[in-house]
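Examining the three-dimensional arrangement
What follows is the residue order along each chain.
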Amino acid sequence: MTETVDLAVIGAGPAGMAAATLAAEHGLDVVVYDDNAEPGGQIYRAVETVARDRAKDFAFLGESYRAGAELTRAFRASRARYEPGTTVWLVQKDRTIGISRDGKARMVAAKRILIATGALERPVPIPGWTLPGVMSVGAAQSVLKSAALAPKQPVVLAGKGPLLFLVAAQYVAAGVKIAAILETGARKWDALPHLWQAWSKTNYIGKGLELIRAIERAGVTVVRNAVSDLKAIGRERVEAVTFSADGSPGRIETALLLLHEGVISNVQLTMAIPVKHAWNATQRCWQPVLDARGNTDVDGIAVAGDSGGIAGAEAAAHMGRIAALDALRAFGRIDGPTFAAMIVVEEVAQKRLLAARPFLDALYPPPDTAAAIADDTIVCRCEEVTAGDIRKAVDLGCTGPNQTKSFTRAGMGPCQGRMCGLTVAEIIAAKLNRPMEEIGYYRIRPPIKPLTVGELAALE
Amino acid sequence: MFRRLHDNAATVTITIDGVTTKAAVGESVAAALLASGDPRCRQTPVSGAPRAPYCLMGVCFDCLMEIDGEASRQACMVTVREGMAVKRSPRPAPMTP
Amino acid sequence: MSDLDIIVLGGGLVGSAIGYGLQRRSLKIAVLDEGDVALRASRGNFGLVWVQSKGQGFPPYADWARHSADVWPGFAAELEERTGHKIDYSKRGGFSLCMSEKEFDDRALMIKRMHNQQGPKGYDVVMMDRAEVQRMMPAIGPEVVGGSYCPHDGHVSPLRLLRALHAALGDAYHNEHRVSAIRTRQGGFEVVAGEDTFAAGRIVLAAGLGNLALAQMLGAELPIRPQRGQILVTERLPAFLDYPMNGVRQTAEGSVMLGSSREEVGFDNGTKPDVLSTIARNAVRAFPILARARIVRAWGALRVLAPDEHPIYQSLPGHDGAVVATCHSGVSLAGAHALDFAGYLAEGKLPDRFAAFHSRRFDVQATA
Ligand SMILES: Cc1cc2nc3c(=O)[nH]c(=O)nc-3n(C[C@H](O)[C@H](O)[C@H](O)COP(=O)(O)OP(=O)(O)OC[C@H]3O[C@@H](n4cnc5c(N)ncnc54)[C@H](O)[C@@H]3O)c2cc1C
Ligand code: FES
């Protein structure tokens, strides 16, 4: 017999935890699947471990990270069933879910599903980015939180966005040496009109400026005049990074280069179902089309948090609770007036947080640099396909990523296109001079995470 | 490439390509690999180039390693356990045409 | 646009192979194709160049499939040479494995019938017992009792094949040119596709399942239907399998394809976990080491099938200049389509023996 559940939540980040906690409080049978070993998602990764074993690390990890401990505690205390180390590899429109845990796959039937799978970092294809010693900024932060690992020698951070400065500030606070921060693209002064709005309604900007001041006070070199032409140099591992700033070349020796160009919604699962998606031209990524409560066009399947649109951790939690309230209403677990009273609280908080978003989006416009990616730069890390290979496929007549995939193998490796999908589509769009909406995206099919043949064979 | 900010954490012992290494309880195999000094985890099937973990959040699949006899596991998604045997993945033998 | 000799409607493997063959005979052609997302068997197939099971009870197809396998090596070499694109064709023969005594006996009987049917033309398929099969494929599982082996079978990368054909076609290949209307006119046809109109004396309908709608534009109904096949692909594995078979083949890249189901589900090309699970189970029975391999992709694709599963080649009623080419095995037949079928088109006439491929054959069955 297939196991059934009222509400299945996929992802135990702020969105998923907040939703599950609230829904379980009101008596729904809730299960939460997450592929990590601990709850928290990306932002609150390992927050339980830190609180328990390394509380002094909060000193450099910061207050907003510590805030995750409370959310996590409430989630643990709730009656929501939590299945860590569990990968969701299939969601069907009829709301059957395929999961895999400890090498065993099984199916679960859910009455409602909330997808809260968060964000990914935007891929940053530069020459040499596949060398050992080149990692994403998010990766470095992940081991800082989960394992208290920090760069041994002076590190270079390159790119843009709030996360980059947050990690730099955390390094500074932890006494880690930073060789330089290379800020790509100019900070956009078009962001100014949004500033007042963001300033008045949130403390994001204040926090951001504080971070930058702390970094500068520590004497870190910040190269901020539109760094371009980043290259990771080295044979077996990275030895140096070269770039140009204001038209003149630069070079810094380093054993560790961290890259970041902002985050994008993780749409692997929603694309595989598929629910309807649309191109978000401001955040330059695909996102599911949602109503105000997070519902997709598929009955009973909703999305909350960054997988529905980049809005940050606090907004994710509110969005999760909004979706949970909608589910409670649908199950008849709360009456109309209660629903109305509760949802308005979440919505007001949500709106206040979203006020900062236009400012951040405008301050750090996502790069549209596909045309500038050199022909010999690898874009598909799995299959080692270069930008030039994609362009040649376009010359053969390909007009979309599914065609270039079949002609070049870009997107066919184990990451299933997560690391190359956007870049490939952007290269095609640039070459054909067409909008991204027309170019489209890979057709994503389950299993969205590799299962073994044996596991699938044993499926009942 | 990476160092531990403090050494007082509880540890387990694992082997990486047969070499005994201490790892902190609760950390991922990829974290233990980064702390070990040699971050390489595999050679690519296409060119044989060395790779190291890149994203540490289960996305890039660059961290595939053999863990306790099971090939192609994401080292960043597996928690270390006492006695765990971790191996770097060599380039697979190519097909003869 | 000046008149073309022939317009090929459909840029999958069938249309592209025919277009390639016409072009190498110096005809002026255009190949019209749909865009990035389409029902495209050419992108979803298994990549076998197959002889051993084709044309039971229908010698013209058995002959045609065998002929194609015979010309495939030359076709592959020429295509690679002309385009510089490798297509990973290999012809070492192929297997069909039997997992029980009963399967073995049934297979042996079928093979015997085919020998009788093909007679002196040489069918060349042999049954092998477990030990013989194991000598050639040491990785087989304990349940394998034997199998049939055909030296004429082979496999190819269907995606590389399609890419090479498109490369060869060059500017004659028109992507995002979905045909929306076909008009007859004095001495030929006008085809409206995308924003353009093409004119030619003759047209070839080679659009897979799209042929249903294209034939209707000229007032004809074709007896073809979709049949879904789901396929799984593993990560790249160390080389372990030298021969392809129905259901399992290791590609030149090292990944292993597993498939493929036969489902009557209309135009739904999705995947279903229970079917994928069955495919995985069969694969593990055949080669137990596959149990530990990771699946990186799965998909469903639609076969193009006539009621008897054999090809349909014919002119449409009342339109001698509109020739239909519809078949399931576009990979296997690519050699014959490029080298022979294109020749018939260039000469303006299908050979008499091709009358057997006319869809009239189904009317006969209905009245018999
Ligand atoms: C590297 C990185 C660093 C960031 N740092 C900051 C920061 O410092 N400050 C800030 O405000 N914002 C930061 N963000 C953004 C912030 O993480 C998000 O706004 C917030 O985490 C969104 O919460 P969520 O619940 O939507 O997703 P997440 O926190 O990402 O949680 C999603 C969870 O779902 C799991 N999951 C995904 N797919 C599956 C599946 N198929 N099966 C099972 N489980 C699955 C994931 O492993 C994860 O645990 C960062 C983002 C990234 C990517
Ligand atoms: S490091 Fe990217 S998946 Fe493990």
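Some words on the side chain of glutamine 92 of chain A
Note that glutamine 92 of chain A resides in the loop between strand 4 (86-91) and strand 5 (96-101). Setting aside residues no more than four positions away along its own chain, glutamine 92 of chain A makes contact with Ile273 and Ile301 of chain A together with Lys272 and Pro273 of chain C.

Looking at the packing of aromatic side chains
Each aromatic ring pair is summarised here by two numbers: the centre-to-centre distance and the angle between the ring planes. The tally for this structure, following the rule as stated, stands at 23 aromatic pairs over all chains. Summarising the aromatic geometry, the rings of phenylalanine 95 of chain C and tyrosine 243 of chain C are spaced 5.5 Å apart at their centres and angled 80 degrees between planes, so their arrangement reads as edge-to-face. Of this pair, phenylalanine 95 of chain C sits in strand 4 (residues 94-98) while tyrosine 243 of chain C sits in the loop between strand 12 (225-236) and strand 13 (248-250); the two residues are 148 residues apart in sequence, bridging distant segments of the chain. An aromatic cluster is present here, built from Phe58, Trp64, Tyr313, Phe341, Tyr344, Phe354 and Phe357 of chain C joined pairwise through their rings. For the cation-ring pair, arginine 381 of chain A lies above tryptophan 129 of chain A, with the distance from its terminal atom to the ring centre recorded as 4.7 Å. Here the guanidinium or amino end of arginine 381 of chain A rests over the ring plane of tyrosine 54 of chain B, the centre of that ring lying 4.0 Å away.

With respect to the side chain of glutamine 268 of chain A
Residues and elements named next belong to chain A. Positionally, glutamine 268 belongs in helix 9 (residues 268-272). Classification of glutamine 268 as buried rests on a relative accessible area of 4%. A polar contact is formed between the side chain of glutamine 268 and the backbone oxygen of glutamine 416, at a distance of 3.2 Å. Those residues in contact with glutamine 268, other than ones at most four positions away along the chain, are Cys415, Gln416, Arg418, Ile444 and Ile448.

Some details on the sheet that holds strand 6 (residues 64-67) of chain B
Hydrogen bonds between backbone atoms are what pair the strands of a sheet, whose relative direction is either parallel or antiparallel. Residues and elements named next belong to chain B. Strand order in the open sheet formed by 5 strands is 3-2-8-6-7, with mixed pairing between adjacent strands. Where the open sheet ends on each side, the last strands, each with one partner, are strand 3 (19-24) and strand 7 (70-74). The average angle at which neighbouring strand axes cross in this sheet is 40 degrees, direction not considered. Inspection of the sheet shows strand 6 paired to strand 7 by 3 bridges, in the antiparallel sense. Of the residues in strand 7, the one forming a bridge with methionine 65 is arginine 73.

Remarks on the site of ligand 1
All names here are of chain A. The full set close to ligand 1 counts 30 residues, and Asp34, Asp35, Val88, Leu166 and Asp306 are the nearest of them. Between proline 14 and ligand 1, the recorded distance is 3.3 Å, taken from a backbone N or O atom to an oxygen atom. Per-element tally for the shell around ligand 1: the top contributor is strand 4, with 3 residues. Partitioning the shell around ligand 1 into residue classes produces 14 nonpolar, 13 polar and 3 charged. In this structure, the shell around ligand 1 is formed jointly by two domains, domain 1 (3-120 + 264-334) and domain 2 (123-261), each of which donates at least three residues.

Focus: unusual backbone geometry
The omega angle of the peptide bond from isoleucine 273 of chain A to proline 274 of chain A is -15 degrees, so this bond is cis rather than trans. Positionally, proline 274 of chain A belongs in the loop between helix 9 and strand 17 (277-280). In this structure, aspartate 17 of chain B is a non-glycine residue whose phi angle is positive, near 50 degrees. Position of aspartate 17 of chain B among the secondary structure elements: in the loop between strand 2 (11-16) and strand 3.

Points about the domain arrangement of chain A
Where interface size is given, it is often the accessible area lost as the parts come together that is meant. Residues and elements named next belong to chain A. Structurally, chain A comprises domain 1 (3-120 + 264-334), domain 2 (123-261) and domain 3 (370-439). With 6 residues of domain 2 in contact, the opposing surface of domain 3 contributes 7 residues. By the criterion of area lost to domain 3, the three top residues of domain 2 are Pro123, Pro125 and Trp129, representing 71% of everything that side buries. There are 0 salt bridges connecting domain 2 and domain 3. Scanning the region where domain 2 abuts domain 3 turns up 2 residue pairs in polar contact (both at pLDDT 80 or more). Of the residues belonging to the side of domain 2 that touches domain 3, the class tally is 5 nonpolar, 1 polar and no charged.

Describing the pattern of salt bridges
Residue and element names in this part refer to chain B. In total, this model carries 58 salt bridges over all chains according to the counting rule given. For the salt bridge of arginine 88 with aspartate 17, the shortest nitrogen-to-oxygen distance reads 3.1 Å. Pair noted here: arginine 88 is in the segment after strand 8 (85-87) and aspartate 17 is in the loop between strand 2 and strand 3, with a separation of 71 residues, a long-range link. As a salt-bridge pair, arginine 73 and glutamate 70 come within 3.9 Å of each other at their nearest N and O atoms. According to the relative accessible area criterion, arginine 73 is partly exposed, its value standing at 27%.

With respect to the interface of chain C and chain B
Taken residue by residue, the interface counts 13 residues in chain C and 13 residues in chain B. Summing the contributions of chain C and of chain B, the shared interface buries around 960 Å²; its carbon and sulfur component is 50%. Linking chain C with chain B are 1 salt bridge, by the criterion used here. Residues arginine 294 of chain C and glutamate 70 of chain B are paired through a salt bridge, measuring 2.5 Å at the closest nitrogen-oxygen approach. Our count for the contact surface shared by chain C and chain B stands at 6 residue pairs in polar contact (both at pLDDT 80 or more).

Things to note about the environment of proline 288 of chain A
Residue and element names in this part refer to chain A. Note that proline 288 resides in strand 18 (residues 285-288). Given a relative accessible area of 6%, proline 288 falls into the buried group. Along the primary structure proline 288 and glycine 308 are separated by 20 residues, whereas in three dimensions their C-alpha atoms are 5.9 Å apart.

Points about the packing of helix 5 (residues 137-147) of chain A against helix 6 (residues 162-173) of chain A
A pair of packed helices can be characterised by two numbers: the angle between their axes and the separation between those axes. Residue and element names in this part refer to chain A. For the pair helix 5 and helix 6, interaxial distance at closest approach is 10 Å and the crossing angle is 40 degrees. Between helix 5 and helix 6, the angle falls in the class oblique. Handedness of the helix 5/helix 6 crossing: left-handed. Along its contact with helix 5, which presents Val137, Gly138, Ala140, Gln141 and Leu144, the element helix 6 presents Leu163, Leu164, Leu166, Val167, Gln170 and Tyr171. Class assignment for the residues of the contact of helix 5 with helix 6 results in 8 nonpolar, 3 polar and no charged.

About the thresholds
- Residues numbered from 1 in each chain as written.
- Chains lettered and ligands numbered in written order.
- Predicted model: local features only at pLDDT ≥ 70, side-chain atom pairs only at ≥ 80, totals over all residues.
- Heavy atoms only, no water.
- Helix = DSSP H or I, 4+ residues; strand = E, 2+ residues; numbered from the N terminus.
- Contact = heavy atoms within 4.5 Å.
- Phe/Tyr/Trp six-rings, centres within 6.5 Å; stacked < 30°, edge-to-face > 60°.
- Lys NZ or Arg CZ within 6 Å of the ring centre and 35° of its normal.
- Buried < 20%, exposed > 50% of the residue type's maximum accessible area, 1.4 Å probe, protein only.
- Polar contact = N/O pair within 3.5 Å; in protein donor to acceptor, adjacent residues only side chain to side chain.
- Pairing = 2+ DSSP bridges.
- Axes fitted to C-alpha atoms, helices over the stretch in contact; angles between N-to-C directions.
- Near = heavy atom within 4 Å.
- Nonpolar A, V, L, I, M, F, W, Y, C, P; charged D, E, K, R; others polar.
- Domains from an automatic or database assignment.
- Buried area = accessible area lost by both parts, 1.4 Å probe.
- Salt bridge = Lys/Arg side-chain N within 4 Å of Asp/Glu carboxyl O.
- Parallel < 35°, antiparallel > 145°, perpendicular 65-115°, else oblique.
- Left-handed = near helix turned anticlockwise from the far one by under 90°.

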